[in-house]
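In case you want the letters, here they are:
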2 protein chains.
Amino acid sequence: METTEPEANVTRIMLAVNESSIKGYPHASISSRGAFEWTIQKIVRSNTSGFKLLFLHVQAPHEDGFEDMDSIYAFPEDFKTMKHRDQTRGLHLLEYFVTRCHEIGVACEAWIKEGDPKEVICREAKRMQPDLLVVGSRGLGPFQRVIAGTVSEFCVKHAECPVVSIKRRPGETPQDPVDD
Amino acid sequence: METTEPEANVTRIMLAVNESSIKGYPHASISSRGAFEWTIQKIVRSNTSGFKLLFLHVQAPHEDGFEDMDSIYAFPEDFKTMKHRDQTRGLHLLEYFVTRCHEIGVACEAWIKEGDPKEVICREAKRMQPDLLVVGSRGLGPFQRVIAGTVSEFCVKHAECPVVSIKRRPGETPQDPVDD
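No experiment lies behind these values; they were computed from the predicted model shown. (Residues numbered from 1 in each chain as written. Chains lettered and ligands numbered in written order. Predicted model: local features only at pLDDT ≥ 70, side-chain atom pairs only at ≥ 80, totals over all residues. Heavy atoms only, no water.)

(A) Focus on the pairing of strand β1 (residues 11-16) of chain A. Residue and element names in this part refer to chain A. Across the six residues that make up β1, a large majority, six, are buried. Of the two faces of β1, both are covered, the one formed by Thr11, Ile13 and Leu15 as well as the one formed by Arg12, Met14 and Ala16. Here β1 pairs with strand β2 (residues 51-59) via six bridges, running parallel. Across the sheet, Ile13 pairs through a bridge with Leu53, a residue of β2. Pairing of β1 with strand β4 (residues 132-137) involves four bridges; the strand directions are parallel. (Buried < 20%, exposed > 50% of the residue type's maximum accessible area, 1.4 Å probe, protein only. Helix = DSSP H or I, 4+ residues; strand = E, 2+ residues; numbered from the N terminus. Pairing = 2+ DSSP bridges.)

(B) Region of interest: the packing of aromatic side chains. What the rule picks out here adds up to eight aromatic pairs over all chains. Their ring planes at 70° and their centres at 5.4 Å tell us that A:Phe36 and A:Phe97 sit as a pair that is edge-to-face. A residue pair is termed long-range when its members are at least 10 positions apart, and A:Phe36 in helix α1 (residues 30-44) and A:Phe97 in helix α2 (residues 76-104) qualify at 61 residues. Using a relative accessible area of 0% as the deciding quantity, one classes A:Phe97 as buried. Ring pairing ties together the aromatic residues A:Phe36, A:Phe55, A:Tyr96 and A:Phe97, which thus form one cluster. Taking the ring centre of B:Phe51 as reference, the NZ or CZ of A:Arg45 above it sits at 6.0 Å. (Phe/Tyr/Trp six-rings, centres within 6.5 Å; stacked < 30°, edge-to-face > 60°. Lys NZ or Arg CZ within 6 Å of the ring centre and 35° of its normal.)

(C) Looking closely at the environment of B:Val135. All names here are of chain B. Residue position: Val135 is located in strand β4 (residues 132-137). We classify Val135 as buried; its relative accessible area is 2%. Taking C-alpha positions, Val135 is 12 Å from Leu54, a pair spaced 81 residues apart along the chain.

(D) Representation of the sheet that holds strand β5 (residues 163-167) of chain A in the model. Residue and element names in this part refer to chain A. Taking strand neighbours across the sheet as the criterion, the five strands line up as β3-β2-β1-β4-β5 in an open arrangement whose pairing is parallel. Strands at the two margins of the open sheet, each flanked by one partner only, are β3 (107-114) and β5. With direction set aside, neighbouring strand axes in the sheet form an average angle of 20°. (Axes fitted to C-alpha atoms, helices over the stretch in contact; angles between N-to-C directions.)

(E) Fine view of the pattern of salt bridges. Residues and elements named next belong to chain B. Using the criterion set out here, one finds 18 salt bridges over all chains in the structure. Across the salt bridge formed by Arg100 and Glu103, the nearest N and O atoms sit 3.8 Å from each other. Placement of the pair is Arg100 and Glu103 together in helix α2 (residues 76-104), with a separation of three residues, close to one helical turn. In this structure Glu103 comes out as exposed when scored by relative accessible area, which is 57%. Residue Asp180 pairs with Arg168 through a salt bridge whose shortest N-O separation is 3.1 Å. One end of the pair, Asp180, is in the segment after β5 (163-167); the other, Arg168, is in the segment after β5, and 12 residues separate them in sequence. (Salt bridge = Lys/Arg side-chain N within 4 Å of Asp/Glu carboxyl O.)

(F) Seen up close, the relation of the copies chain B and chain A. By a simple turn and slide, chain B fits onto chain A: the slide is 0.0 Å along the axis, the RMSD is 0.1 Å, and the turn is 180°. Taken together, the rotation angle and the small translation identify this as a two-fold axis. Relative to the rotation axis, the closest C-alpha in chain B is found at B:Val164, a distance of 2.6 Å. A share of 100% of the interface residues of chain B reappears at the interface of chain A, consistent with the copies meeting face to face through the same patch. (Least-squares fit on C-alpha atoms with pLDDT ≥ 70 in both. Contact = heavy atoms within 4.5 Å.)

Structure below.
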């Protein structure tokens, strides 16, 4: 990272990233990667020393409840195992983005929080005061939105900093558009 | 404009700009200037050859209806005079931004359209396919929003490209926050 400008003078872009919900695909969701690539290609461009990317991953409690339906929890350790697995996945997710930033040569930091993603993203945006918050969006229709909830819409409305929502490209939409 | 990169490879940012509604202040609104300064300082930065700014000004028919309340229209020419005045103002507005871009050294183009601002902005965004649409917002409360309408909210919802809405800073808000 060749930081030629003092940190106080870089543009700080916060990216909210999440895992793919498609089974057997345990890394960055299509919309998170889309939001990241858009930020690099369209905003950072060749000016890598002018920007710093802040990656936030929010883990919702019991995020993979479906997978755990058949599991039996008999001891406190069983929950610890589950929690440990969640954390490991979250670290892999952030590792992907941090590695990409190092390859590109743009400064970054990354962290994990627990809670309701939309609320934690807005709270962390308030705390970190980025110049821009970039969130990926699946670009769902109105009916699918009601079912799947829309973190991006909530952030656009409630975050105190400028927010841009990057829609997943139609060609990248999985069979079930709610997946990502 | 030292364009060192071919145009196809620049990031094209469309800015919807409007006039100040404060009487005796016939140029760029506070929120338009805020959106422009944010784009230059936080996104373009020193990378002036990597970006092109597209300024759209939409003139709503009878935009200054209040001022014209006491006017008498007897001949078709009276309307032409009004229309001519609107166009002159619109040109002054665009001249301000184009001059600023030339000073900074970033490529730009600017044009005027007539119609309902929110609809024309979305239509022009569809036609021009910018990488990002930046709109200024007065940051009104819910009650004021209902009265004043919100072009920015409409664009965030309906434009087909990524949109960022830049709120006017509290310190720059005129006595009546609906003014700008």
